[in-house]
Amino acid sequence: MANTILVGAQWGDEGKGKIIDVLTEQAEIVVRTAGGNNAGHTVYVGPTKYVLHLIPSGILRPGKVCVIGNGVVIDPVGVVKELDGLEKLGVPVSPANLQISETAHVVFPWHRELDGQREVRKGKQKIGTTKRGIGPTYGDKAARVGLRMIDLINARRFPERLRERLEENNEVLKALGAQALDYDSLLAEYTAAADRLRPFVRNTVLFLHEATRRCANVLFEGAQGTFLDIDHGTYPYVTSSSTTAGGACTGSGVPPNRMDRVVGVLKAYTTRVGEGPLPTENAEISDLLHGMGREFGATTGRARRCGWFDSVATRHAAMVNGIDELAVTNVDGLDSLRTIKVCTAYRLDGALIQYVPADSEALARCEPVYQEFPGWETPTEKITRWEDLPVNCRHYLLTLAQLTGARLTIVSVGPAREQTMFL
Ligand code: IMP
Ligand code: MG
């Protein structure tokens, strides 16, 4: 398969989990490189629904090695819950199929508390975070005061480090009017999680280096999407990690010249969960999709905001990620529409522009310029071959790829593995 970076080309929830699961068939190793348990990947295998947050969905395929890379932030109690959940569903997890980077940073309850407190203080300017403590954890990493997995599993060192960090953070929490956290119960909880996770923790950089030297097929799975990237997203309405293709390198320790291709995943329309600009947001398509029971978040259950496909945005995503190939998902969501709109430019303060402005306030002022396409008004969920898709549907999808500037290679018309077509 070649070493492949998979990224979300929109605002997250593009259906990456399913595409990752499909591509994993050809991979030996699957690596998660950014984000934390703010992510939610939903994968259906037969009748069983799996929702994964931190553990790569490759875990669902026997014989694959999954790696949680150094770029990820880990809530150890959350991972243990995820492990237990998988085992309950009959999915075996052991150090033979899961490795956790020793240099990944650890999420603590004060990170979650701070995340929530900051959101409250921002009031109407809030980001709409998942409240999983992601921003404060990456903040500590950048400020060089974070604790890493290597600290967590060190039984000699951890109690002292925990005490130092807790003392400082309790001061902050009290100043914000929040409850201080109790050292003893935190130590007990995190020590129990550390004992459970210790066998999985190792130097994943060396492991991946060896693997890519053997020319293994490694899949680097992205989380969130391009416009939630800390550098390239709609700042400050972003997450705190590098969700674009470069993050796959820094988040794993595998250098750029070992990467062979970049696959961008996008929905046949646009969604966003949380606050921030979304130029093509539209009530009609939101109501349609929510009415079908679609577009509710896998992690928080929040209704996602929906809009028409925005090719100005996806073209930008193709640029910053170097996307070679596209996987378009959720095509069946548009089956009932008579006319489908695609945004091909923005009108900003009277001028026509073809790029995404860096200033979120300017992006919020952008009015989409649409091109209309005839719908196919036919159910597509049972179609398994590209040639069998309605001609209007194929035309629509090829136009999305052309406007985005990459080759269409995968089309998905439903959550199941079988509902996938390869071009
Ligand atoms: P945080 O990552 O929890 O700090 O949230 C920051 C922003 O990213 C919010 O708008 C979230 O809704 C969004 N976000 C974080 N993770 C995901 C995801 O997996 N899918 C979609 N949006 C996400
Ligand atoms: Mg998701």
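Asker: Please give an account of the coordination of the magnesium ion (ligand 2) that cites residues and values.
Answerer: Protein-derived ligands of the magnesium ion (ligand 2) are Asp13 (OD) and Gly40 (O), with the metal-ligand distances lying across 2.1 to 2.5 Å. Linking Asp13 in the loop between strand S1 (4-8) and helix H1 (16-24) with Gly40 in the loop between strand S2 (29-32) and strand S3 (41-45), this pair joins segments that are 27 residues apart in sequence. Taking relative accessible area as the criterion, Asp13 reaches 23% and is therefore assigned partly exposed. Assessed through its relative accessible area of 15%, Gly40 is described here as buried.

Asker: With reference to specific residues and values, describe the sheet that holds strand S20 (residues 420-422).
Answerer: Strands in a sheet are paired, the pairing made by backbone hydrogen bonds, and the direction either parallel or antiparallel. Here we have ten strands laid out as an open sheet, ordered S9-S7-S5-S2-S10-S1-S11-S15-S19-S20, and mixed in their pairing. In this open sheet, the two strands that pair with only one neighbour each are strand S9 (201-202) and S20. Bridge analysis of S2 against strand S10 (residues 218-221) gives four bridges, and the strand direction is parallel. The partner of Val30 across the bridge, within S10, is Leu219.

Asker: Describe helix H11 (residues 311-321), and please don't skip the residues or the numbers.
Answerer: Given 3.6 residues per turn, any residue in an α-helix points the same way as the ones three and four places further on. Most of H11 sits out of view: eight of its eleven residues are buried. Taken as a whole, H11 has its buried residues at Ser311, Val312, Ala313, Thr314, His316, Ala317, Ala318 and Asn321. Those residues of H11 hidden inside the fold are in contact with S1, helix H9 (245-250), strand S11 (261-267), strand S14 (309-310), strand S16 (339-348) and helix H13 (391-404). Positive backbone phi, at 65°, marks Gly322, one or two positions downstream of H11.

Asker: Go over the packing of aromatic side chains, please, and point to the residues and values.
Answerer: By the definition in use, this model includes six aromatic pairs. Ring geometry for Phe108 and Trp110: centres 4.5 Å apart, planes at 5°, overall stacked. Each member of the pair Phe108 and Trp110 is classed as buried.

Asker: Tell me about the pattern of salt bridges, residues and numbers included.
Answerer: In this structure the tally under the stated criterion is 26 salt bridges. With a closest N to O distance of 3.7 Å, Lys174 and Glu171 form a salt bridge. In this pair, Lys174 and Glu171 are both assigned in helix H6 (residues 158-175), three residues apart and thus about one turn of the helix distant. One salt bridge connects Arg261 with Glu325, and the closest N-O pair in it is separated by 3.0 Å. Residue Arg261 is located in strand S11, and its partner Glu325 is located in strand S15 (residues 325-329); the two are separated by 64 residues in the primary sequence. Just as Arg261 is buried, Glu325 falls in that class too.

What counts, and at which threshold
- Residues numbered from 1 in each chain as written.
- Chains lettered and ligands numbered in written order.
- Predicted model: local features only at pLDDT ≥ 70, side-chain atom pairs only at ≥ 80, totals over all residues.
- Heavy atoms only, no water.
- Donors = N, O, S within 2.8 Å, 3.2 Å for Na, K, Ca; no water.
- Helix = DSSP H or I, 4+ residues; strand = E, 2+ residues; numbered from the N terminus.
- Buried < 20%, exposed > 50% of the residue type's maximum accessible area, 1.4 Å probe, protein only.
- Pairing = 2+ DSSP bridges.
- Contact = heavy atoms within 4.5 Å.
- Phe/Tyr/Trp six-rings, centres within 6.5 Å; stacked < 30°, edge-to-face > 60°.
- Salt bridge = Lys/Arg side-chain N within 4 Å of Asp/Glu carboxyl O.

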